[in-house]
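The chain contents come next:
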Amino acid sequence: MIASTIADSESASFDSSDQVRADQNAAAKPRCRRPIDYILLKLAARCNIACDYCYWFRDESVLKKPPTLTTDAEDALIHRLRLHIEKYSLSKFAVLFHGGEPLLFGPNRFARLCQRLRTLDVETGCRFKLDVTTNGLLINDAWVELFRNYQVGVTLSIDGPGEVHDAHRVDFSHRGTYLRVIAALNTLRAGGIQPGVLAVCTPDRDPRDLLATFVDELDIKGFDILIPDANHEDNPPSIAPYYKRLFDLWLSDYAPRGVRIRIIENMLLGLMGGETRSETLGYGPVDRVTILTDGSIEALDILRIAGNGSTASGLNLVTHELQEIERDPVWRSALDASLTLAAACVNCVYSRACGGGHIASRWSSLRQYDNPSVYCADLKAMFEHAWATIRPTLYVEPRSGATVPL
Amino acid sequence: MPEKDDTLPPLPPRRERSGQKKAALASATVAALTPDVLADIKEKLGVDFKIRSSDASVDTIASSIDPNVGVAREYDKVYDRTSPGYDRVYDRG
């Protein structure tokens, strides 16, 4: 049995009000560790475009990291992964290749890394799930062949209609990148790969435009629309009108056509008592680990929007085991905060479906993660709207088969 | 004038039940149902039921809820905000 209890002495110290909240969450709070089985691997710390909302470069310390994953860090990664898998008898492990722009790593080194991971797969019996999230600009037939050969799932960032995408996702000459990412989409499909697609919400736009572009023009049937990154040091615009409209359009026009939008699916799963499948929404542990290009081991990378160097841990694969991230105060505080909601969330009827919002959106310099999301009012309005819409349609079906309307 | 009975119709006579259980919920109880109460009924009271919807799209999502998953997100799920999971490699084994 791998899991061992986190000793109370290891837990962060609570004041009495914290303890009340901890008690209120106690029934649901997992008290045991688990081995790390998913990493965000930064293949590149630089990017070939300059999106105006990028969280990565909000932390200038990333520019001090090597531009791409060093060979020493790669060697250490393979070595540590083998030890980690054997120590914890893991049967599966997920690696999400990330950046910056991960394809700046180059096809030759990418192929070598994937080959090493697939070899580990065979030698250890641990099944590796490999995925990459990319802006697509470097994708060509050679990359597609690599993705296919090494079974790498691809997520492509597209922000919807061309003018919206080009307003935010520009290259260093301030030129839009829409046509180039659409070319990448076509190249992927021609090579037998259907990418997942990721957009960022543009609150001042009608989501109908995005849906028309994705579904009607590009035949994309599964995607997510991320809530823009922000915390309590920011003053983000309201997102509720956008997502309420998106929900209505999806339910009336697009869901019947088989269109899946992850944030909506997660909202509905949470509202109906299920588990969400995203770290963006829903109660659950945040224990993601990020490996930087120099082999540094850090907490979930988006936590760096708290400020420069805010996720630095002093841990590195060259000198530390992967599991030692548990000793990192940033990682521990994010995990603890994800499982101990802010006071304002405890009595909210949407607390489990919402989970307090994305952990990064809870941060403030004054109270760290002890806040509801900076989008709390919006999230509540979104959940209220969805719940009011679906509630009249709901009924419960006991195992006996009898039905009771809600 | 007695107060209106706000419960669902009573259970049929025993001989007609065929071993099935039916639940009767007071309207006040129904009105008080919230997403968190639904989760509590399942997890804390261990009542075994499925949420269904008369809307086919919502019902598809309801059907994907795993009754064996507790309130904390299942640990072995693979998810990330930047990897929605709708990707496919056509020749994946």
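Residues numbered from 1 in each chain as written. Chains lettered and ligands numbered in written order. Predicted model: local features only at pLDDT ≥ 70, side-chain atom pairs only at ≥ 80, totals over all residues.

A. Just unusual backbone geometry, in detail. Residue and element names in this part refer to chain A. Look at the link from G99 to G100: it is a cis peptide, with omega at 15°. Among the structural elements, G100 can be located in the loop between β2 (92–98) and α3 (107–124). Phi angles above zero are rare outside glycine, and S89 is one such case at about 50°. Among the secondary structure elements, S89 is positioned in the loop between α2 (71–88) and β2. By the C-beta count within 10 Å, which is 11 here, S89 ends up exposed. Positive phi is not limited to glycine here, since Q368 has a value of about 50°. Examined against the element boundaries, Q368 turns out to sit in the loop between α12 (351–354) and α13 (376–390). (Helix = DSSP H or I, 4+ residues; strand = E, 2+ residues; numbered from the N terminus. Buried ≥ 20, exposed ≤ 12 C-beta atoms within 10 Å, placed from the backbone.)

B. Examining the pairing of strand β3 (residues 127–134) of chain A more closely. All names here are of chain A. Within β3, six of the eight residues are buried, which leaves it mostly tucked inside the rest of the structure. Note that β2 and β3 share six bridges and pair parallel. Counterpart to F97 in the pairing with β3 is V132. For the crossover that starts at β2, traverses α3 and ends in the parallel β3, the hand is right-handed. In the classification by handedness, the crossover that spans β3, the intervening helix α4 (residues 141–149) and the parallel strand β4 (residues 152–157) is right-handed. (Pairing = 2+ DSSP bridges. Right-handed = clockwise from strand over helix to strand, strands pointing away.)

C. Representation of the sheet that holds β4 of chain A within the structure. One open sheet holds the 10 strands; their spatial order is β8-β7-β6-β4-β3-β2-β1-β9-β10-β11 (chain A), and the pairing between them is mixed. Every interior strand has two partners, whereas the edge strands, β8 (260–261) and β11 (315–316) of chain A, have only one.

D. Representation of helix α9 (residues 262–271) of chain A within the structure. Residue and element names in this part refer to chain A. In terms of burial, α9 is largely enclosed, as 10 of its 10 residues are buried. Three or more residues of α9 are buried, namely R262, I263, I264, E265, N266, M267, L268, L269, G270 and L271. Immediately beyond the C-terminal end of α9, within one or two residues, lies G273, with a positive phi of roughly 85°.

E. Main features of the environment of I193 of chain A. The topology assignment puts I193 of chain A in strand β5 (residues 193–194). For the pair formed by I193 of chain A and V154 of chain A, sequence separation is 39 residues and the distance between their alpha carbons is 7.8 Å.

Limitation: the analysis is restricted to geometry and does not speak to function.
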